[in-house]
Amino acid sequence: MVLVTPASNSIENDTELSGGEASSENQAPLVIVGTGLAGYHLALEFRKLDSVTPLVLISSDDGAFYSKPLLSASLSHGKTAQQLCQTSAEEMARKLDAQILVHTRVASISPHSKTLQLQQDVDNHIADIPYDRLILATGAHCRKLTAIAGNAHARLFRINNLTDYHRFRTALVGCQRVLLIGAGLIGCEFANDLVQAGYEVAVVDPQEWPLASLLPEAAGRDLQEVLNNSGVRFYLGKSIRSLNKNPKGIEALLDNGETLVADIALAALGLEANTALAETAGLKIQRGIAVDRKLQSSNPHIFAIGDCAEVEGHQLFYVAPLMTCARALAQTLSGNPCPVHYGVIPVAVKTTLRPTTLCPPHPGAEGSWQVSQDTKGVCAEFRNSRGELLGFALTGAAITERERLISECMPLMDNKSFE
Ligand SMILES: Cc1cc2nc3c(=O)[nH]c(=O)nc-3n(C[C@H](O)[C@H](O)[C@H](O)COP(=O)(O)OP(=O)(O)OC[C@H]3O[C@@H](n4cnc5c(N)ncnc54)[C@H](O)[C@@H]3O)c2cc1C
């Protein structure tokens, strides 16, 4: 176990975990599992309100603080993983007056004894630690490519953290042709980044237009056209039948019989919440860890935040909602119960070649897209039968409509009152 302590600013191995400040030595700590944006923002918000309660963060990675959205926009700027790391775990421990366990995996939760079982490697049991209240901020993982034949699956890269970014960036050296599997938000951002970094990019997706689950066709096609004009080749409405190694790299056979050869392949097939740890505690799981608007799970001492959480049916893999949750949960944990309220949450897609902003309606919302378009961009508004604006999508020059539409758009959650 590697423990980063605030007082000594040191990293120690196999250290006994203490309770923090002398006055609160016997108090079980508030424990946060995960040092991504959700875990760290919650800790920062909590420390603004409570400087006394012992705080422990645990992470299976190195605990570096970084902005994950930069991962899909930094290759063209020549940024290394090290340059993307904003603050080390040691510095965060000092800033938060917290203990941070890095390279440490929480294997299971025992909710009756309120303890966590920690492991360094698979089956290498290290220690049990107690918690007073537990917050799961375990993030999400990249969806796997399933039901595809071939021997090249192990050659597929995925990027969901700094280590993945480092591995991919290192492997890119000497490559020219990149096969991108997936034309969703992250796939299009990587296409935009890689083509500007000088690579030949081919994107395959079974959907008919880019970001098809978030954008109406006109907006998706508009983005596709600009990326295409910049050199990105799209193979849309097509599935990959097999992926095989090839002396030059990787070869994908599409369902229309076409073959694409690339030096390297990156999969961006969307994210799935990490719920395995929550399952060990018997927590209620839906698409993510089911929590109410106080971010409380089906166990009153366990909360969830960020990509791993599904907040009253909303699963949003974006930074803005997790920041809203961090502020609300910090209040709740410091004794002032505060339900979260999701308002209008627009997302700026980092396709710099064609600026795009989207604010998708809640999946299944009743209504239809109304689109106005010219060569400068697309403005699409999703309205219900009463004419209420439930979502929107803007590309190109139309992004100037953003503020007007935000002010008109219905919030994702009602502002209902709580006792
Ligand atoms: C390439 C990319 C680009 C993106 N771009 C945007 C964007 O432009 N705008 C936007 O709003 N959002 C974007 N997102 C989404 C956004 O980055 C995420 O919603 C956010 O970073 C999630 O933070 P998190 O803390 O919930 O999860 P993570 O950052 O995944 O952190 C999870 C943490 O949990 C730890 N962990 C997990 N399981 C265990 C365990 N059992 N024991 C110990 N530790 C554990 C991990 O080590 C890690 O520290 C992007 C995502 C990606 C991948």
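On a predicted model such as this, the values are computed, not experimentally measured, just so you know. (Residues numbered from 1 in each chain as written. Predicted model: local features only at pLDDT ≥ 70, side-chain atom pairs only at ≥ 80, totals over all residues. Heavy atoms only, no water.)

> Can you walk me through the side chain of Asn-299 in this structure?
Structurally, Asn-299 can be placed in the loop between β22 (289–291) and β23 (302–304). The buried category is assigned to Asn-299, whose relative accessible area is 14%. For Asn-299, the contacting residues outside a window of four places in its chain are Pro-111 and Leu-283. (Helix = DSSP H or I, 4+ residues; strand = E, 2+ residues; numbered from the N terminus. Buried < 20%, exposed > 50% of the residue type's maximum accessible area, 1.4 Å probe, protein only. Contact = heavy atoms within 4.5 Å.)

> How do you make sense of the side chain of Ser-74 when you look at a structure like this?
Tracing the chain through its elements places Ser-74 in the loop between β5 (65–66) and α2 (81–84). A polar contact of 2.6 Å, which involves the side chain of Ser-74, links it to the backbone oxygen of Leu-70. The residues contacting Ser-74, other than those within four sequence positions of it, are Lys-79, Leu-84, Tyr-165 and Asp-193. (Polar contact = N/O pair within 3.5 Å; in protein donor to acceptor, adjacent residues only side chain to side chain.)

> Honestly, the domain arrangement of the protein in this entry has me stumped. Any pointers?
Interface size is commonly expressed as the accessible surface area that is lost when the partners come together. Each domain of the protein was delimited in the assignment, giving domain 1 (2–141 + 271–333), domain 2 (144–267) and domain 3 (355–408). Of the residues lining the interface, nine residues belong to domain 2; the matching set on domain 3 comes to 11 residues. Regarding the contact of domain 2 and domain 3, the summed buried area is about 790 Å², with carbon and sulfur atoms giving 78% of it. For domain 2, the biggest contributors to the area lost against domain 3 are Leu-214, Pro-216 and Asp-222; these three give 52% of the whole. Inspection of the region where domain 2 meets domain 3 yields zero salt bridges. Where domain 2 packs against domain 3, one counts one residue pair in polar contact (both at pLDDT 80 or more). Grouping the constituent residues of the side of domain 2 that touches domain 3 by class yields eight nonpolar, no polar and one charged. (Domains from an automatic or database assignment. Buried area = accessible area lost by both parts, 1.4 Å probe. Salt bridge = Lys/Arg side-chain N within 4 Å of Asp/Glu carboxyl O. Nonpolar A, V, L, I, M, F, W, Y, C, P; charged D, E, K, R; others polar.)

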